[in-house]
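Structural features, examined
Okay, here's what each chain looks like letter by letter:
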Amino acid sequence: MTTTQEHASGGQPETAARGAGGGRSKTPAVIRLLVLATFVVILNETVMINAIPRLMADMNVTEQAAQWLSTAFMLTMAAVIPVTGWFLQRVTTRRAYATAMGVFLAGTALASVAPVFEVLLLARIVQATGTAVMMPLLMTTLMTVVPEEDRGRVMGNVTMAISVAPAMGPAVSGLILQLGSWRLLFAAVLPIAALITWRGLGRLENVGEPQAGTIDWFSVAAAALGFGSLVYGLSRFGQGGAVLPAALVAVGAVTIAVFALRQLRLQRRDVPLLDLRVLRHRTYTLSLLLMALGFMAMMGSMILLPIYLQNLRGLSPLETGLLMMPGGLAMGLLGPAVGRLFDRFGGRMLIIPGAAGIVLALAGFTQISATMPYWQVLGLHSLLMVSLAAAFTPVFTLGLGALPAPLYSHGSSMLGTLQQVSAAFGTALVVTVMAGRAESRMADGVTATLAQLDGMRLAFVISAALSLAMVGVAFLLPRRAKAAEESDAPAAEEPEAADRILEPAPC
């Protein structure tokens, strides 16, 4: 294959231009390769959930320590993703892919042979560093090589990687753990990831040209400290005591504010680490808000349902994973169909019913009980996942489609960062509400089982109330991103002009 070259006039690759002029084309090979690689690396974010009891016994660690294998992965993602916007603009597609997959392979190999817990924890951090690059790389490349009228269909395929992989992680790990040691979780992934890496490097094309530039290390440190502290603080809520989590969240929020002010200054010289001008585009900002609410709903249910099914209904981890798998599979398999509907009808007709379905599913879970039929749990979970699929694909496409091409990498980086923050916030919210309500009910003399059920019901009530905001935001989104971009353009251009006026003249 030849390297894809950009047009001098518009900066769009020739492949995209041919797709736009010649009707619908197949998904570009570069996107198919990146989707497959992204699926494999994101699967590892939740694959350790079912392995915690086995690890506690094998490595003689406490549950709190073992939970760090998932927490550290999430923290690393939150800290690294803000840097990827800068990184992706300054290296070629092949180099970014080779770096991400090489780091992920190194982490996976180290995890499979880790002799002690500390080495395994380090391996998970290395894995997460590679994973953090893959999703922004996939999103940025998609927006560059795929013509606008075909983005919905292709984004539907992407949805399968970024939403189904986390949902399938517990089920896949439950199955593998039935066969042998927790080390198989990494040993099974290693040859698959190595084959995908080798195949990708042999066929992957470079998209666009890298831009030279320096990095602001203060911004890197502020992003890592700010987003890392925020996500860790949120993840600590519900684990006993609120002073330390609140302090960590406060430190994270203040540091993120400092990071944002630093980016505003760097934007005047056009060298920000994370370009905040993406937020001047109304459609993109609304899409970020709706996506955050959706991820809070998804991660909240992923935390509450396993607790309900295993602790209160007595199911095994494998049985729990299999019960929740149909919803995750439906979410991914519907992605391409939702994408085609988006290309044909636009986003509003998908996002509004999708948001309404999320509200209905969460409202149904507020009636959860010790005797709720399993088919009803399966049905509500599937409705939630299908509704999220109907919303996520058009939201991603509308949001990134409203940005000018130079901001694609920064837009996808902010999208990935907010996913980690909203997932942590959603988890902290439901766990804190459930634990607080259960303690209150037990103090009143209610049995532990009934108290925990009551706590879960209240957590789902609050989640359903928050998801009502998704319906309101859905009505504010446009049918097509192009129309929104035209209407947003003056708002995006005027502040830049003001910056130029305020900028001191060169001596």
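Fair warning: this is a prediction, and the values are worked out from it, not measured in the lab.

Reading the values: the criteria
Residues numbered from 1 in each chain as written. Predicted model: local features only at pLDDT ≥ 70, side-chain atom pairs only at ≥ 80, totals over all residues. Heavy atoms only, no water. Helix = DSSP H or I, 4+ residues; strand = E, 2+ residues; numbered from the N terminus. Buried < 20%, exposed > 50% of the residue type's maximum accessible area, 1.4 Å probe, protein only. Contact = heavy atoms within 4.5 Å. Areas by Shrake-Rupley, 256 points an atom, 1.4 Å probe, with all protein chains shown as cover. pLDDT = per-residue confidence, 0-100. Patch = residues over 30% accessible without salt bridge, like charges linked within 9 Å, V, L, I, M, F, W, Y side chains within 5 Å. Salt bridge = Lys/Arg side-chain N within 4 Å of Asp/Glu carboxyl O. Phe/Tyr/Trp six-rings, centres within 6.5 Å; stacked < 30°, edge-to-face > 60°. Arc of directions from axis to C-beta. Expected span 1.5 Å × (residues − 1). Core = buried A, V, L, I, M, F, W, Y, C linked by side-chain atoms within 4.5 Å. Axes fitted to C-alpha atoms, helices over the stretch in contact; angles between N-to-C directions. Parallel < 35°, antiparallel > 145°, perpendicular 65-115°, else oblique. Left-handed = near helix turned anticlockwise from the far one by under 90°. Nonpolar A, V, L, I, M, F, W, Y, C, P; charged D, E, K, R; others polar. Polar contact = N/O pair within 3.5 Å; in protein donor to acceptor, adjacent residues only side chain to side chain.

A look at the overall build of the protein chain
- Within the protein chain one finds 18 helices and 0 strands.
- Looking at the 507 residues of the protein chain, the share that counts as buried comes to 56%.
- Nonlocal contacts in the protein chain, meaning residues at least 24 apart in sequence, comprise 82% of its contacts between residues at least 6 apart.
- As displayed, the protein chain has an accessible area near 20,500 Å², and 66% of this comes from carbon and sulfur atoms.

Overview of the confidence of the model for the protein chain
- Mean pLDDT for the protein chain: 78, with 85% of residues reaching 70 or above.
- Contacts from residues 1–24, a stretch scored under 50 in pLDDT, to residues over four places away or in other chains number 43 contacts.
- Considering only residues more than four positions removed or in separate chains, one finds that residues 483–507, a stretch of pLDDT under 50, has 18 contacts.

Brief notes about a nonpolar patch on the surface
- Residues Phe218, Val254 and Val258 make up a contiguous nonpolar surface patch of about 270 Å² in total accessible area.
- Along the polypeptide, valine 254 turns up in helix α11 (residues 243–267).
- Residue valine 254 is classed as exposed on the basis of its relative accessible area, which comes to 54%.

Some remarks on the packing of aromatic side chains
- Tallied over the full model, the rule gives 5 aromatic pairs.
- Pairing tryptophan 182 with phenylalanine 186 gives two aromatic rings, centres 6.4 Å apart and planes at 85 degrees, and the pair type is edge-to-face. Across the pair, phenylalanine 186 and tryptophan 182 agree in class, each one buried.
- Arranged with centres 5.0 Å apart and planes meeting at 20 degrees, the rings of phenylalanine 365 and phenylalanine 460 form a pair that is stacked. One end of the pair, phenylalanine 365, is in helix α14 (residues 348–365); the other, phenylalanine 460, is in helix α17 (residues 448–476), and 95 residues separate them in sequence.

Overview of helix α3 (residues 52–59)
- Of all the residues in α3, the buried ones are Ile52, Leu55 and Met59. One side of α3 carries all its buried residues, which in axial view fall inside an arc of 60 degrees. Projecting away from the buried face of α3 at angles above 90 degrees are the exposed residues Pro53 and Ala57.
- Backbone geometry just after α3 places asparagine 60 at a positive phi near 55 degrees.

Quick notes on helix α15 (residues 374–401)
- Here α15 spans 40 Å end to end across 28 residues, near enough to the 40 Å set by a 1.5 Å rise per residue.
- Of all 28 residues in α15, 21 are buried; the element is thus mostly enclosed.

Here we look at the nonpolar core
- Membership of the largest hydrophobic core comes to 127 residues, with the highest contact counts inside it found for Ile31, Tyr97, Met134, Leu290, Met298 and Tyr308.
- Here this core gets 17 residues from one element, more than from any other, and that element is helix α12 (residues 282–312).
- If near-sequence neighbours (up to four positions away) are discounted, tyrosine 308 is found in contact with Arg313, Ile368, Ser369, Met372, Val377, Leu453 and Met456.
- Val47, Met48, Met59 and Phe186 belong to the second-largest nonpolar core, a separate cluster that totals 19 residues.

Topic: the environment of leucine 105
- Checked against the element boundaries, leucine 105 lands in helix α5 (residues 93–112).
- What makes leucine 105 buried here is its relative accessible area of 17%.
- Residues leucine 105 and proline 191 lie 86 residues apart in sequence; the distance between their C-alpha atoms is 9.1 Å.
- The residues contacting leucine 105, other than those within four sequence positions of it, are Leu190, Ala193, Ala194 and Thr197.

Structural notes on the packing of helix α2 (residues 29–43) against helix α9 (residues 189–203)
- Remark: α2 packs on α9, axes separated minimally by 10 Å, with the N-to-C direction vectors making an angle of 160 degrees. As the angle between them shows, α2 and α9 are arranged roughly antiparallel. Seen from above, α2 lies across α9 with left-handed handedness. Here Ala29, Arg32, Leu33, Leu36, Ala37 and Val40 of α2 come into contact with α9, specifically with Val189, Ile192, Ala193, Ile196, Arg199, Gly200 and Arg203.
- Residues belonging to the contact of α2 with α9 are distributed by class as follows: 9 nonpolar, 1 polar and 3 charged.

Points about the environment of methionine 331
- Among the secondary structure elements, methionine 331 is positioned in helix α13 (residues 317–345).
- Judged by relative accessible area, methionine 331 falls into the buried class, the value being 0%.
- Taking the C-alpha atoms as reference points, methionine 331 and alanine 390, separated by 59 residues in sequence, lie 8.4 Å from one another.

A few points about the packing of α5 against α9
- Two elements in contact, α5 and α9, have axes separated by 10 Å at closest approach and are oriented at 165 degrees. For the element pair α5 / α9, the angle class is roughly antiparallel. Handedness of the α5/α9 crossing: left-handed. Note on element contacts: α9 touches α5 through Val189, Leu190, Ala193, Ala194, Ile196, Thr197, Gly200 and Leu201, opposite Arg94, Tyr97, Ala98, Met101, Phe104, Leu105, Thr108 and Ala109.

So, the pattern of salt bridges
- Enumeration over the complete set of coordinates arrives at 4 salt bridges.
- Measuring nitrogen to oxygen at the nearest pair gives 3.0 Å for the salt bridge that ties aspartate 454 to arginine 437. Taken together, the residues span a long stretch of sequence, with aspartate 454 in helix α17 and arginine 437 in helix α16 (residues 408–443) at a distance of 17 residues.
- Aspartate 454 sits in the buried class, given a relative accessible area of 15%.

Regarding the side chain of serine 467
- You can see serine 467 is positioned in helix α17.
- Engagement of the side chain of serine 467 in a polar contact is seen with the backbone oxygen of alanine 464, the distance being 2.7 Å.
- With residues near it in sequence (within four places) discarded, serine 467 still touches Ile358, Val359 and Leu362.

Let's talk about the environment of glycine 416
- As for its position among the elements, glycine 416 is in helix α16.
- For the pair glycine 416 and isoleucine 81, spaced 335 residues apart in sequence, the C-alpha separation works out to 6.5 Å.
- Residues in contact with glycine 416, not counting those within four places in the same chain, are Ile81 and Met135.

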